[in-house]
Amino acid sequence: MDGSDHAFRLLVEKYRNDVFRTVFAVLRDQKEAEDAAQEVFMKIYSSLSQYENQGFKTWMTRIAVNHAIDMKRKQARRKEEVMEALEQQALGTPKDSVEKELIVNERRRLVRNKLDELPENYRDVIYGFYIAEKSYQQMAEEQNVQVKTIETKLYRARVWMKKNWKEGDFS
């Protein structure tokens, strides 16, 4: 161990708390700040030859802030990558999405076929309420009838469906 190593150790001892506080102010995480402070001192040591007597503490603080900001950016990028990976996982592989789309399309076809089986006077209210998501009021105005008539038709249509359709008809 030569004199410069000893001198550097003294610098670390003297400025350790300052560097830690600086990086902690940016990172807001004890463990991350401890790691970052060690990395900052390694950067300071390897950059000593570039130091130009412009105020050591200011120079060192600038290195610490820049390093902490770089770490913060890397953390943000990692979070984004993790979120993208989770979203991709949730969406499934392209093969999965093709299969899901086929299943959905097949189910839609089954529902359309079943709707065609409904007696015509029920088909309009079932389609209007469940598919077009119209209100009772909208359908009553369109059909030029009372809201009570729409309610009755929907009730009768549901009774008809329960009587004539089984759950297995849609899978």
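Here the structure is a predicted model, which is why all the values come from computation and not from measurement.

Tell me about the nonpolar core, and name the residues and values.
Grouped together as the largest cluster of nonpolar side chains are 19 residues, with contacts concentrated most on V19, V23, V40, F41, I44, F56 and M60. Only α1 (3-27), α2 (30-47) and α3 (56-91) provide two or more residues apiece to this core. Considering every element that reaches this core, the biggest residue donor is α3, with seven residues. Ranked by size, the runner-up nonpolar core spans 12 residues in total, among them L115, I126, A140 and W165.

Any chance you could break down the environment of D35 for me, citing the residues and the numbers?
Within the element layout of this structure, D35 appears in helix α2. Note on D35: relative accessible area 29%, which makes it partly exposed. Each C-alpha atom, one on D35 and one on L10, is 19 Å from the other, the two residues being 25 residues apart in sequence.

Outline α2, listing residues and values.
Side chains that are three or four residues apart share a direction in an α-helix, a result of its 3.6 residues per turn. Between its first and last C-alpha atoms α2 spans 25 Å; for 18 residues at 1.5 Å apiece the expected length is 26 Å, and the two agree. At the N-terminal end of α2, a side-chain oxygen is found 3.3 Å from the backbone nitrogen of K31, two or three residues along, and the residue is D29.

Can you explain the side chain of Q75? Please cite residues and give values.
Examined against the element boundaries, Q75 turns out to sit in helix α3. Its relative accessible area of 19% is what places Q75 among the buried residues. If we ignore the near neighbours within four places in the chain, the residues touching Q75 are L27 and E32.

Could you give an account of helix α5 (residues 120-131), with specific residues and numbers?
For α5, spanning 12 residues, the distance from its first C-alpha to its last is 16 Å, which sits close to the expected 16 Å at 1.5 Å a residue. Those residues of α5 that fall on the buried side of the exposure criterion are Y122, V125, I126 and G128. Down the axis, α5 shows its buried residues gathered within 165° of arc, on one side only. Two residues or fewer after α5 comes E133, characterised by a positive phi angle close to 55°.

If you had to explain the packing of α5 against helix α6 (residues 136-143) to someone new, which residues and values would you point to?
Interaxial distance between α5 and α6 falls to 10 Å at its minimum, and their mutual angle equals 140°. Classed by the angle they form, the pair α5 and α6 counts as oblique. Of the two elements, α5 crosses α6, and the hand of that crossing is right-handed. Together, D124, V125, G128 and F129 of α5 and Y136, M139 and Q143 of α6 make up the contact between the two elements. Per-class residue counts for the contact of α5 with α6 are four nonpolar, two polar and one charged.

Give me a negative patch on the surface: which residues, what numbers.
Where like charges cluster on the molecular surface, the negative patch consists of E80, E81, E84 and E87. You can see E81 is positioned in helix α3. The class for E81 is exposed, based on a relative accessible area of 51%.

Account for a nonpolar patch on the surface, naming residues and giving values.
On the surface, V82, M83 and L86 cluster together into a nonpolar patch covering about 280 Å² of accessible area. Within the secondary structure, V82 is located in helix α3. For V82, a relative accessible area of 48% corresponds to the partly exposed category.

Lay out the packing of aromatic side chains in plain terms, naming residues and giving numbers.
Both the distance between ring centres and the angle between the ring planes are used here to describe each pair of aromatic rings. Under the criterion given, the structure shown has eight aromatic pairs. Between F20 and F24 the ring centres are 5.7 Å apart and the planes differ by 20°, which places this aromatic pair in the stacked class. Taken together, the residues span about one helical turn, with F20 and F24 both in helix α1 at a distance of four residues. Residue F20 is classed as partly exposed on the basis of its relative accessible area, which comes to 22%. Classification of F24 by relative accessible area gives partly exposed; the value is 28%.

Here is what the cut-offs are and how they apply
- Residues numbered from 1 in each chain as written.
- Predicted model: local features only at pLDDT ≥ 70, side-chain atom pairs only at ≥ 80, totals over all residues.
- Heavy atoms only, no water.
- Core = buried A, V, L, I, M, F, W, Y, C linked by side-chain atoms within 4.5 Å.
- Buried < 20%, exposed > 50% of the residue type's maximum accessible area, 1.4 Å probe, protein only.
- Helix = DSSP H or I, 4+ residues; strand = E, 2+ residues; numbered from the N terminus.
- Expected span 1.5 Å × (residues − 1).
- Polar contact = N/O pair within 3.5 Å; in protein donor to acceptor, adjacent residues only side chain to side chain.
- Contact = heavy atoms within 4.5 Å.
- Arc of directions from axis to C-beta.
- Axes fitted to C-alpha atoms, helices over the stretch in contact; angles between N-to-C directions.
- Parallel < 35°, antiparallel > 145°, perpendicular 65-115°, else oblique.
- Left-handed = near helix turned anticlockwise from the far one by under 90°.
- Nonpolar A, V, L, I, M, F, W, Y, C, P; charged D, E, K, R; others polar.
- Patch = residues over 30% accessible without salt bridge, like charges linked within 9 Å, V, L, I, M, F, W, Y side chains within 5 Å.
- Areas by Shrake-Rupley, 256 points an atom, 1.4 Å probe, with all protein chains shown as cover.
- Salt bridge = Lys/Arg side-chain N within 4 Å of Asp/Glu carboxyl O.
- Lys, Arg positive; Asp, Glu negative; His and termini not counted.
- Charge placed at Lys NZ, Arg CZ, Asp CG, Glu CD.
- Phe/Tyr/Trp six-rings, centres within 6.5 Å; stacked < 30°, edge-to-face > 60°.

Take it as geometry only, folks, not as evidence of what the structure does.
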